[in-house]
Amino acid sequence: MSNRFCLSVCFFTVLIFLTLPSLQGKAEVWNEPRGSGELEELTVPDRGALYGVVFDEKGLPLPGANVYLDTGRHGVQTDAGGRFIFSGIDPGEHELVVSYLGYGKASRSLILGPQSRYVEIHMEATDLMLDEVVVSEAGNLLPVRGRSLETRLVDRRFIEENPGTTLMQSLAALPGINSMDIGSGISKPVIRGMSHNRVVFAENGIKQEGHQWGSDHGLEVDQYSVERLEIIKGPAALIYGSDAIGGAINIRPPSVPSGNSFRTETLLTGRSNNSLAALSQMAEYSREGRFLRLRFSAQDYADYTVPADSFTYNNWIIPVKNGILANTSGRDVSMTLSAGARGNWGVTSVTASSFRQDAGFFPGSHGLPDASALENYTYSRTPSYPKQKIGHFKLISNTSLFMPGGWLDIDIGYQLNHRRELNKPHVHGAGPLPDHDLELELVLHTVSSGIRYNFNLDGDKRLLAGFDGRWQENTKGGYGFLLPDYHEHGLGAFSVLNWQGRDDMSFEAGIRADWSVVDISAHYEEVWTDSNTISHYRERSPEFDTSFFNFTANAGVSWDAGDDLELRMNIGSSYRTPNAIELSANGIHHGSFRHEMGDTTLNTERAYQLDLGMVVEKERLRLVISPFLSYFSNYLFLRPSGNFSFLPGAGQIYIFSQTRAIHLGGEVYAAYSLTNELELSVTGEFIWAEDLRENFPLPFIPPPAVKSDLSYSPPLLPWPEADLRFSLSVRSVAGQSRVARNEPETAAYTLFNAGFTASLPAGRSNIRLGLFVQNLFDKRYKNHLSFYRRLELPEPGRNVVVTLGIPVEIRE
Amino acid sequence: MKLKPILYLFVLFLGFGITGCSDDEIDTEKPTMTVYSPGAEQVFRPGQNLNFIAEFSDNVGLNAFKIDIHYGGDHDHKKHEEEDEKWHYVHTGELSGRSEEVSMEIDIPGEIKTGEYHFMIFLTDVSGNESIAAITINIEH
């Protein structure tokens, strides 16, 4: 069914592309100078130049903007293509200032090496569009200026410099971000120790709806399609609504192509540890303000290897033959098609994407580890049972229309998450053996929409006001039971005011109200006296409906306290509504093998959060300190009751309970340029969290960690435009002994990684090459956040990664 | 300099984070058990008595135990074999104090499917810490 559906959607998308020209007859072609012929070719010298493009809030190059270097010493105006160039610049610290009538002023310190440097200046950058200006630089790890919550932009280059089998494994290189892995190919996002339903993942402003509450559920996203994304740490509830407690990750749409061009990009990746091979191919055609982009990505990986030949679980010694972890192979296939147009009325795009994953689970992660299941196992690239097959289809439409004093954003999205878990049936009890292998099937349909009006009240004040709505339906199948059928829908309204105060202070304050309804269907399971007779039906989940009303407010300030110091503070509240499992479960969770019991009287989980931030940017030193403190008035968790389940195979009953809790910590990032070519950076993170009622630590809290990076970027003399980077990193992770009840403690470990990246100019683009060795010394260690930690499984051993990116661009 | 108070606040905040909440005495230590009988891979006959003898202990206080005996032969790859009656036994008992020895007799029914069985023991303490032990036994004619 989904094949035909995908086809019809692709057809629909192409149709939109073809009919768009008639809609945008008045469209202005941006790159043709207003009344003055063709854009001339700019010549950039190899050394001593600072050049770039200034874009407006819609990503259109901004002609006529004033660009100053070092306050008045050099000043130029951007040309018709929004371009500017300064040449003969000495290496060292420089200040770049961009101003344009109606956009205010942006200033930014840059440290230039001897080679020419390209910068892109966006006079708008984010979906929130609260920041005046974002100067984005490749590899810049500093938070976006002028935000009261710490926000970082990550680009393709960062992902390529920190390669992983999943997107989250790359992002985990950022301070305060972790990846919760289920083997090598499935990862969940963790921001400041908050995961599952406590973080939001969105694409183009549309929140991704999979089964994020599930411990073995990963993020369904094609990592190769991500060109840039933003990460907000702290309460992002104003814009994202429920669940944005730890923060939000929002994939930003790829930059809109400029001019008439045809572009392709080929990305190739190989990983030794799980014998991964990946290909991602993009092709983009753009003409007269319209574009069509297609990306196909596939990756296939075998079982991964661990530096161990056995592990111990419950006194059993379980062998790991040749260090190969059985049934951890998988395959992802993704396709993304987007089409859009822009003109003097605004910009619109439609993106259809499909992500399919077929990934194995280590036998014993469903149930209990058992040596007998591993005896006959042979190394494979194709997962056998237990495994999951995931399909995530998305159709997203994003439109921004210029309106008096601002612009209007209209986002509409439809998502279908189809999850199937396949396992050989087994019976604990008297019933007959199911005659199929479909253990669990969940089909989740979500329609979401958002309308936001972003406008200037007067020169210094901006208001963002919006509504969003969501409708969701879940249906289940399979012989197992995890989650009942349910419907959920909700409406939200919010308003955020941003104003510029005195002394370079910018303030932000907002309110949001949400209303949501959950309607859960009852589920009864058969209780058998023998394999032929059903004695009665037992209620696993009651018929139940409830509604939640939530109100939240947020206020923050960021202060540009001088050329080299920025301070920020934010006080806010975020929340999440209990999900259907937490409200109604009653039975054994087949993944954790625990008897979990829901509670229909649960309230919305609410956190009150204080976030501080300090950024120091001196000539050679960059320092970011970001402490946070959260108080939960009713933190929702699975509390062990001590009382045994009557159900076969299960231990004690775990009850979804609420408690007061505290969650605090922070991150430190410091980078120091020893010379123009040599940089040392240190990242530290720390989290402390406790249930205030019983004084137990909260579960899944990442241990303190310190990562040091030394990078060397030498000039390649015969080829000065080439960009080379050698890096060596040491990551020391402390042990985690502050654990929740029945959560295992994890020992400390230190890992070494080495990397080399090169960016070599070829035609209009740069060919990128990467070579990395992860876990250089093949260290045996356990990751506290790993899904397989519970099974005492060690993490992957040494891994050699090779990446290659070949872009080609043809312009008319 | 006007920035100093803010920097102090920062340090104070971090200091609070690291030292402000000292560790209280919390019990995350699991209860322990020593099972004297049945032994691993011990063979029983249908209709026979099985002796369960175990010593349980905990640093704070024991709460309860559960015995769950179920057929373990599903792990071979014969999926749709003839369905004999598999034996399934569940027993829970309360415990108290820091240490307790449990000795009990379990009757194995006469007419059951023979083969490998899993003898599982779950043990909890008063704080909700749980230990699990699993012993493979064989029931054969």
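Definitions and cut-offs
- Counting of residues starts from 1 at the beginning of each chain's written sequence and follows it residue by residue.
- Both sets of labels track the order of writing: A upward for chains, 1 upward for ligands.
- Reporting of local features is limited, given that this is a predicted model, to residues whose pLDDT is at least 70; pairs of side-chain atoms are given and counted only at 80 or more, and all residues count toward the totals for whole chains, interfaces and linings.
- Excluded from the side-chain calculation are hydrogens and water; included are all heavy atoms of the structure.
- Helix and strand assignments come from DSSP, with helices taken as H or I runs of at least 4 residues and strands as E runs of at least 2, each series counted from the N terminus.
- In what follows, a contact means two residues having at least one pair of non-hydrogen atoms within 4.5 Å.
- For the area figures, the Shrake-Rupley method with a 1.4 Å probe applies, and any residue is considered shielded solely by the protein chains shown.
- Only protein chains enter the area calculation, which uses a 1.4 Å probe; residues under 20% of their type maximum are buried, those over 50% are exposed, and those in between are partly exposed.
- pLDDT is defined as a per-residue confidence score from the predictor, taking values between 0 and 100.
- Grid spacing is 1 Å over the protein atoms alone, the probe is 1.4 Å, and a cavity is where that probe fits but cannot get out, while a pocket is an open set with protein on both sides within 12 Å along at least five of seven lines and lining residues have an atom within 4 Å of a point.
- Grid points are joined across faces, edges and corners, and a volume is the space filled by probe spheres set on the points.
- Polarity classes work like this: nonpolar for Ala, Val, Leu, Ile, Met, Phe, Trp, Tyr, Cys and Pro, charged for Asp, Glu, Lys and Arg, and polar for all others, with Gly in that last group.
- Two strands are said to pair when DSSP picks up at least two bridges between them.
- Only C-alpha atoms enter the line fits that serve as axes; for helices the fit covers just the stretch in contact. Angles between N-to-C directions range over 0 to 180 degrees.
- Every patch collects residues that have over 30% relative accessible area and no salt bridge, joining them within 9 Å if they carry like charges and within 5 Å if they are nonpolar side chains (Val, Leu, Ile, Met, Phe, Trp, Tyr).
- Note on definitions: salt bridges are taken to be side-chain nitrogens of Lys or Arg within 4 Å of carboxyl oxygens of Asp or Glu.
- In this text, buried Ala, Val, Leu, Ile, Met, Phe, Trp, Tyr and Cys residues form a nonpolar core when linked through side-chain atoms within 4.5 Å.
- Stacked, tilted and edge-to-face are the three classes applied to pairs of Phe, Tyr and Trp rings, where Trp contributes its six-membered ring and a pair requires centres within 6.5 Å; stacked means planes under 30 degrees apart, edge-to-face means over 60, and tilted covers the rest.
- Two conditions define a charge sitting above a ring: the NZ of Lys or the CZ of Arg must be within 6 Å of the ring centre, and it must be within 35 degrees of the ring normal.

Colleague: Is there a simple way to think about the overall build of chain A in this case?
Modeller: Along its length, chain A carries six helices and 43 strands. Taking contacts inside chain A between residues at least 6 apart in sequence as the whole, the part at least 24 apart equals 66%. Of the roughly 30500 Å² that chain A leaves accessible, carbon and sulfur atoms contribute 57%.

Colleague: Explanation requested: the overall build of chain B in the structure shown.
Modeller: Helix and strand content of chain B: one helix and eight strands. The linear arrangement of helices and strands in chain B, starting from the amino end, is α-β-β-β-β-β-β-β-β. Classification of the 141 residues of chain B by burial places 45% in the buried group. Of the contacts formed within chain B by residues at least 6 apart in sequence, a portion of 71% connects residues at least 24 apart. Split by element, the accessible area of chain B, about 7600 Å² in all, is 50% carbon and sulfur.

Colleague: Is there a simple way to think about the confidence of the model for chain B in this case?
Modeller: Detailed reading of the predicted model is not advised wherever pLDDT is low. Averaged over all residues, the pLDDT of chain B is 80; the fraction at 70 or higher stands at 74%. Across residues 75-81 of chain B the pLDDT falls below 50, and counting only partners more than four positions away or on other chains, this stretch makes 15 contacts in the model.

Colleague: Please explain empty space enclosed by the protein as it appears in this structure.
Modeller: Over the atoms, a rolling probe the size of a water molecule traces out where space has been left empty. Residues and elements named next belong to chain A. Following the criterion strictly, the structure yields 18 cavities of 30 Å³ or more and no others. The volume enclosed by the largest cavity comes to roughly 990 Å³. Around the largest cavity, the lining comprises 42 residues; the ones closest to its centre are His196, Arg594, Leu638, Pro699 and Phe700. Put simply, the parts of the chain that give the lining of the largest cavity at least two residues each are helix H6 (580-584), strand S34 (594-597), strand S36 (621-644) and strand S37 (652-673). Top contributing element to the lining of the largest cavity by residue count: S36, with five residues. For the lining of the largest cavity, the class distribution of residues is 20 nonpolar, 12 polar and 10 charged. Roughly 460 Å³ of internal volume is contained in the second largest cavity. Every residue lining the second largest cavity is counted, 32 residues in all, and those nearest its centre are Lys207, Tyr240, Asp468, Arg470 and Arg512. If you list the elements that add at least two residues to the lining of the second largest cavity, you get strand S13 (206-207), helix H4 (237-240), strand S25 (438-458), strand S26 (461-477), strand S27 (486-500), strand S28 (505-520) and strand S31 (544-560).

Colleague: What is the right way to read the sheet that holds strand S4 (residues 62-71) of chain B from this model?
Modeller: Strand pairing in a sheet takes place through backbone hydrogen bonds and is either antiparallel or parallel in direction. All names here are of chain B. Reading across from one edge, S2-S8-S7-S4-S5 is the order of the five strands in this open sheet, with mixed pairing throughout. The open sheet is flanked by strand S2 (43-44) and strand S5 (89-94), the only strands paired with a single partner. Pairing analysis gives two bridges linking S2 to strand S8 (residues 130-139), with the strands arranged parallel. Considered in S8, the bridge of Phe44 is made with Ile139.

Colleague: Please clarify how the sheet that holds strand S1 (residues 32-37) of chain B should be interpreted in this entry.
Modeller: Residues and elements named next belong to chain B. Read from one edge to the other, the open sheet built from three strands follows the order S1-S3-S6, with strand pairing classed as antiparallel. Looking at strand neighbours, the two that pair on one side only are S1 and strand S6 (99-107), the edges of this open sheet. Direction aside, neighbouring strands of the sheet carry axes that sit 20 degrees apart on average.

Colleague: Just checking my understanding: could you explain a nonpolar patch on the surface for this structure?
Modeller: Residue and element names in this part refer to chain A. Residues Tyr672, Leu674, Leu680, Val682, Val706, Leu710 and Leu728 make up a contiguous nonpolar surface patch of roughly 530 Å² in combined accessible area. Listing elements by their share of the nonpolar patch, those giving two or more residues are strand S38 (678-691) and strand S39 (705-712). Position of Leu680 relative to the elements: it lies in strand S38. For Leu680, a relative accessible area of 36% corresponds to the partly exposed category.

Colleague: What exactly am I supposed to notice about unusual backbone geometry here?
Modeller: Glycine aside, residues mostly have negative phi, and peptide bonds are mostly found in the trans state. All names here are of chain A. Cis rather than trans, the peptide bond between Tyr385 and Pro386 has omega equal to -5 degrees. A positive phi angle is found at Ser275, which is not glycine, with a value near 45 degrees. Tracing the chain through its elements places Ser275 in the loop between strand S16 (261-271) and strand S17 (276-287). Its identity is not glycine, yet Glu792 carries a phi of approximately 70 degrees, on the positive side.

Colleague: Sorry if this is basic, but what is going on with the environment of Asn197(A) here?
Modeller: All names here are of chain A. Along the chain, Asn197 turns up in the loop between strand S11 (186-191) and strand S12 (199-203). Sequence spacing of Asn197 and Asn579 is 382 residues, and the spatial spacing of their C-alpha atoms is 8.7 Å. When sequence neighbours within four positions are dropped, the list of residues in contact with Asn197 reads Gln212, Trp213, Asp243, Arg576 and Asn579.

Colleague: Explain the nonpolar core to me, please; I cannot follow it from the model alone.
Modeller: Grouped burial of nonpolar side chains is what soluble globular proteins tend to show. Residue and element names in this part refer to chain A. Formed by 31 residues in total, the largest nonpolar core has its most connected members in Val154, Leu167, Leu171, Leu229, Ile231 and Ile249. Residue assignment for this core shows that the elements contributing at least two residues are helix H2 (156-161), helix H3 (167-171), S12, strand S14 (228-233), strand S15 (247-252), S36 and S38. The greatest single-element share of this core, amounting to four residues, is contributed by S36. Once residues lying within four places of it in the same chain are set aside, the contact partners of Leu171 are Val154, Phe158, Ile177, Leu229, Ile231 and Ile249.

Colleague: Even after reading the chapter, I still don't get the packing of aromatic side chains, so can you show me in this structure?
Modeller: How two aromatic rings sit relative to each other is given by the distance of their centres and the angle of their planes. Residue and element names in this part refer to chain A. Across all of its chains, the model carries 19 aromatic pairs over all chains by this definition. Plain terms: the ring middles of Phe787 and Tyr788 are 5.8 Å apart, the flat faces sit at 50 degrees to each other, and that makes the pair tilted. For the pair Phe787 and Tyr788, one class covers both residues: buried. Through successive ring pairs, a cluster of aromatic residues spans Phe311, Phe362, Phe787 and Tyr788. Of note, Arg152 hangs over the ring of Tyr669, and the distance from its end group to the ring centre comes to 5.9 Å. It is Arg594 that lies over the ring of Tyr654; its NZ or CZ is 4.1 Å from the centre.

Colleague: Just to check I follow, could you spell out the pairing of strand S1 (residues 50-55) of chain A for this structure?
Modeller: All names here are of chain A. In terms of burial, S1 is a largely internal element, five of the six residues being buried. Both S1 and strand S4 (residues 83-86) contribute to a ladder of four bridges, which runs antiparallel. The partner of Gly52 across the bridge, within S4, is Phe84. One ladder, built from six bridges, connects S1 with strand S7 (residues 117-122); its direction is parallel. When the sheet's bridge partners are listed, Val53 is paired in S7 with Glu120.

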